[in-house]
Amino acid sequence: MEFVEKLELRNKCIDELTDFVQGGSDITALLVLGDDSTESLSVNVAIVVNDVENVRKTYGRVHYFISNEMDFESKKTLRREDNFALIEYNLESGITLTALVCTCSELFDAPWWRCVFDTTGEACEAMNEANRVEEDKLADEPSDEPEEEIDEFEDDIIEEEEEADEEPIFEIVPDPEEPPAPVEEEPEQEEEESEEDAYWRFVSDNVRSAKHAIASGSYIRATEIINTLRKMLIELICVRNGITENFERSIDFVECEEKNLLVKTYPNGTDKTSLISALAVETELFDRLA
């Protein structure tokens, strides 16, 4: 893949993420971070929120967006705490996207950084201004420096030196040492997925399956997936409101904005427009409840 193609994929990834996070009222800044080894297909971003209480919710929204709109192949949680989330996504485009969701107090300095937007200016103040750049510094960017030309005079000197070396040069190579006995390496233990991550991954997979079913005309299958997601939403809304059992019987008596939106998750029919509308409301509800 040519560098220009890689750069287009990189810019598209950053632009899509920017368009999404700028719509979040809790998100105040988006920074692109890098070092001397950062290449065009490696995108590192810091998504800064206004309050530590919004880190978890924002991470949920960002994860849904990347899962459903940016087509990721795999995800790896590098660090996850109440005030800090660092997730690595491998996208189908070949981009490795590492997303940091945190407050300004959790930002760490980088060898270079670029501000995409900062509504309050606090994120830029938290970074080292000396390392700020206007364009990403990429290790695989081709150099503009012309190759050094060797003139004919230098060619003649090189040929004369080669002809002067009449005797072959032999290097003394020591006897090879016996290889050490093989050491059996213990297999690396894969990071265990938490119950919460497994839950949200299940939701994300079902949202994606519903979208594919609608796109392919499998409307009955899409309806069944939407029904499954609605049951999960009913349980989630009840739990958020202190109800721990009999969810389907209790949901009518819960007073909250999310329950009012739940009514819109029932499709008016099994046509494409109705299913897309219902699925969109369900996705919005999961975003709110993440």
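Up top is the structure these notes are about.
The structure presented is a predicted model; accordingly, all values stated were derived computationally and were not measured.

### Re the overall build of the chain
Part 1: Per the secondary structure count, the chain includes nine helices and six strands.
Part 2: Out of the 290 residues belonging to the chain, those deemed buried represent 39%.
Part 3: For the chain, restricting intrachain contacts to residue pairs at least 6 apart in sequence, the fraction spanning at least 24 positions comes to 58%.
Part 4: By element, 46% of the accessible surface of the chain is carried by carbon and sulfur atoms, the whole surface being about 18,700 Å².

### Here we look at the pairing of strand β6 (residues 112-118)
Part 1: Most of β6 is tucked away, with six of its seven residues classed as buried.
Part 2: As paired strands, strand β1 (residues 27-34) and β6 are joined by six bridges and run antiparallel to one another. Its bridge partner lying in β6, V32 is registered against R114.

### Some points on the side chain of S204
Part 1: Mapped onto the secondary structure, S204 falls in helix α5 (residues 195-215).
Part 2: For S204, a relative accessible area of 3% translates into the label buried.
Part 3: If we ignore the near neighbours within four places in the chain, the residues touching S204 are H63, Y64, S67 and N68.

### Overview of the side chain of E258
Part 1: Mapped onto the elements of the fold, E258 is located in helix α8 (residues 257-262).
Part 2: There is no salt bridge for the buried E258, and the closest opposite charge comes from R288, which lies 4.0 Å off by N-O distance.
Part 3: Beyond its immediate chain neighbours, meaning those up to four positions away, E258 contacts I237, L285, R288 and L289.

### Details of the packing of helix α6 (residues 219-240) against helix α9 (residues 272-289)
Part 1: Direction vectors running N to C along α6 and α9 enclose 25°, while the axes themselves pass 10 Å from each other. Classified by the angle their axes make, α6 and α9 are roughly parallel. Taken as a pair, α6 and α9 cross one another with a handedness that is left-handed. Packed against α6, whose contacting residues are Y219, A222, T223, I226, L229, R230, M232, L233, L236, I237 and R240, the element α9 presents K272, L275, A278, L279, E282, L285, F286 and L289 at the interface.
Part 2: Here the contact of α6 with α9 is built from residues that sort into 14 nonpolar, one polar and four charged.

### Thoughts on the packing of aromatic side chains
The relation between two aromatic rings is expressed through the spacing of the ring centres and the mutual angle of the planes.
Part 1: Tallied over the entire structure, the rule returns five aromatic pairs.
Part 2: A centroid spacing of 4.3 Å and a plane angle of 10° characterise the contact between F20 and F65, whose relative ring orientation is stacked. You can see F20 sitting in helix α1 (residues 3-21) and its partner F65 sitting in helix α2 (residues 55-69), a full 45 residues away along the chain. The two residues F20 and F65 agree in class, both being buried.
Part 3: Both rings, one in Y64 and one in W200, keep their centres 5.5 Å apart while their planes meet at 85°; by these two values the pair is edge-to-face. With Y64 in helix α2 and W200 in helix α5, the pair connects residues that are 136 residues apart, well separated along the chain.
Part 4: On the basis of relative accessibility, which here comes to 4%, the residue Y64 falls in the buried class.
Part 5: Exposure remark for W200: the relative accessible area of 10% places this residue in the buried category.
Part 6: Taken together, Y64, Y199, W200 and F286 form an aromatic cluster joined through their ring pairs.
Part 7: The residue whose ring lies beneath R79 is F84, and the NZ or CZ to ring-centre distance is 4.2 Å.
Part 8: Across the ring face of Y266, the terminal group of R230 is positioned such that the distance to the ring centre comes to 3.8 Å.

### Digging into the pattern of salt bridges
Part 1: Tallying each qualifying case throughout the model produces eleven salt bridges.
Part 2: Between D26 and K57 there is a salt bridge; the shortest N-O distance is 2.9 Å. Of this pair, D26 sits in the loop between α1 and β1 while K57 is found in helix α2, placing the two residues 31 residues apart along the sequence.
Part 3: Taking the relative accessible area as the measure of exposure, K57 reaches 28% and is therefore partly exposed.
Part 4: For R114, the salt bridge is made with D136, and the minimal N-O distance between the two is 2.6 Å. Placement of the pair is R114 in strand β6 and D136 in the loop between α3 (122-126) and α4 (152-164), with a sequence separation of 22 residues.

Parameters at a glance
Residues numbered from 1 in each chain as written. Predicted model: local features only at pLDDT ≥ 70, side-chain atom pairs only at ≥ 80, totals over all residues. Heavy atoms only, no water. Helix = DSSP H or I, 4+ residues; strand = E, 2+ residues; numbered from the N terminus. Buried < 20%, exposed > 50% of the residue type's maximum accessible area, 1.4 Å probe, protein only. Contact = heavy atoms within 4.5 Å. Areas by Shrake-Rupley, 256 points an atom, 1.4 Å probe, with all protein chains shown as cover. Pairing = 2+ DSSP bridges. Lys, Arg positive; Asp, Glu negative; His and termini not counted. Salt bridge = Lys/Arg side-chain N within 4 Å of Asp/Glu carboxyl O. Axes fitted to C-alpha atoms, helices over the stretch in contact; angles between N-to-C directions. Parallel < 35°, antiparallel > 145°, perpendicular 65-115°, else oblique. Left-handed = near helix turned anticlockwise from the far one by under 90°. Nonpolar A, V, L, I, M, F, W, Y, C, P; charged D, E, K, R; others polar. Phe/Tyr/Trp six-rings, centres within 6.5 Å; stacked < 30°, edge-to-face > 60°. Lys NZ or Arg CZ within 6 Å of the ring centre and 35° of its normal.

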